[in-house]
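# Report on the structure
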Amino acid sequence: MVIYMKNVLIVSFYFPPLNSIAAKRYGTMCKYFRENGYEPYILTTLKDNRFFGSKHDLNVPVSEDNIIRIAEKNPYSGIKVYGIAKITGVFEKFKVASRVIESGDLFWYENIKELLDLKVLSNIDIVVGTYGPMGNLYAAKFIAKKIGCPYIAELRDFISDWKWMPDGYRQSYMLDRIVERSILSSASGIVVVAPGAKKIIQKRYPKKRIATIFNGWDESRTETEGNAQEKYLYYAGSLDEHILEGFTILLSALRKVNEKEPVKFILRLVGFQKINNEAKKIVREMEMEDRVMILSPAASDVIKEERGKAYINVVLNAIHEEEQEWMAMMCGKTYEYMNEKAPILAVTPRKSDLAQVLSYTQKGIGTVSEDEMVDFILHTNDKYMGNDKVIKFSRKYQAARLCKFMDCILKKNSKGVQ
């Protein structure tokens, strides 16, 4: 039986070999597109793209012949560079933070419009732009319109619903919402990464086709020789200000645990150095230096071995239920931990999507209670080894769901109709 192969263009600023959560989204799912009837093509930036200390050791899942790499900055587009700098300078002057007006996004988008040869995309059937950054969505909409095919806007984060702002800044809410509506209203479909996000976006765009496509685990369970000499909790990734409160609660619980049994906490941190320094300060103030080790970024094979030997893997989130944007989002690390032997302790309210998924798979708990954390670490964690539903959160399973959603969009959109 001959299967007609459709062509999908994924617009993703972050892509392998960069090893970040954003790069892994399609850096792994693309491997399973062909078996679901899609040939993947990628529009991304150069291979040396930087992301807060992340390594460049992730395998590229498709042939470089299928990848278009365009630099973020173009030294020859002087007038555009000047205009973008003026706009973002005004925002900076008045301490306004926008999710839709950022210099890096605009530079890359303008470069795409100037440098991309649209003729090489004449065979593309559908385009997917994965936010963030916003430049992905700008480019996806532009390309789809030019070549006459539908596009899907994927929201790995919220745009106008994002409430967190840097200290001293205010949100450009109205502008962000206007641009969001322009992008999403013209999209043929919307993809989100958690059920809570779907509820929020569906309410605002009730006529849109919206699918929840989770991130997922891809590698087989880590096989390690022997156990670690000492029990330890493990966290690898970046920290944000919104999770420091939960981080403090967890350290307080860990201090109580160590009154009865020695357990360490190892963190491999990338991201903003300022936030990492705040975390180190909290550790010092709580006099936990002998129990908490904050280490520099490491290669993926090192991290994989460390999480494979962990006693418990940790996921950190916001701790207040009223912060809907955080309750409806799930850290990508959750899935990487999901297929490991160790259970997961998530610092998050029980009603959050994160806690619900852990309950559904019986892979761990979500809690903001210090006492429950202590009990989980000392006594109950061995009850959460996972069930057969864990397979539903594999990248392969989710890639198949995404391809079915694209099939649905293409059936409703003849080429050339948006």
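Remember, predicted model here, so these are calculated numbers, not experimental data.

Cut-offs applied
- Residues numbered from 1 in each chain as written.
- Predicted model: local features only at pLDDT ≥ 70, side-chain atom pairs only at ≥ 80, totals over all residues.
- Heavy atoms only, no water.
- Pairing = 2+ DSSP bridges.
- Helix = DSSP H or I, 4+ residues; strand = E, 2+ residues; numbered from the N terminus.
- Axes fitted to C-alpha atoms, helices over the stretch in contact; angles between N-to-C directions.
- Contact = heavy atoms within 4.5 Å.
- Salt bridge = Lys/Arg side-chain N within 4 Å of Asp/Glu carboxyl O.
- Buried < 20%, exposed > 50% of the residue type's maximum accessible area, 1.4 Å probe, protein only.

To continue, consider the sheet that holds strand 12 (residues 292–295). Taken in spatial order, the six strands line up as 12-11-10-13-14-15 in an open sheet, and their pairing is parallel. On the outer flanks of this sheet lie strand 12 and strand 15 (364–367), each paired with one strand and no other. Strand-to-strand twist of the sheet, defined as the mean angle between neighbouring strand axes without regard to direction, takes the value 20°. Here strand 10 (residues 232–238) runs beside strand 11 (residues 264–270); their pairing, made up of seven bridges, is parallel. What sits directly across from Y235, in strand 11, is L267. The strands touched by helix 7 (residues 244–257) within the sheet are strand 10, strand 11, strand 12, strand 13 (312–316) and strand 14 (344–347), with strand 11 carrying the most contacts at an inclination of about 155°. The strands touched by helix 8 (residues 273–285) within the sheet are strand 11 and strand 12, with strand 12 carrying the most contacts at an inclination of about 160°.

Attention now goes to the pattern of salt bridges. Tallied over the entire structure, the rule returns 20 salt bridges. Salt-bridge contacts for K6 lead to D407; the nearest nitrogen and oxygen are separated by 2.5 Å. Note that K6 is positioned in strand 1 (residues 6–11) and D407 in helix 14 (residues 395–412), a separation of 401 residues in sequence. By relative accessible area, K6 is classed as buried at 18%. Across the pair E340 and R307 runs a salt bridge whose closest N-O atoms are separated by 3.0 Å. Of this pair, E340 sits in the loop between helix 11 (333–338) and strand 14 while R307 sits in helix 9 (residues 300–309), and the two are 33 residues apart along the sequence. The pair formed by E340 and R307 is uniform in burial state, with each residue classed as buried. Overlapping salt bridges bring together K24, R307, K333, E336 and E340 as one network.

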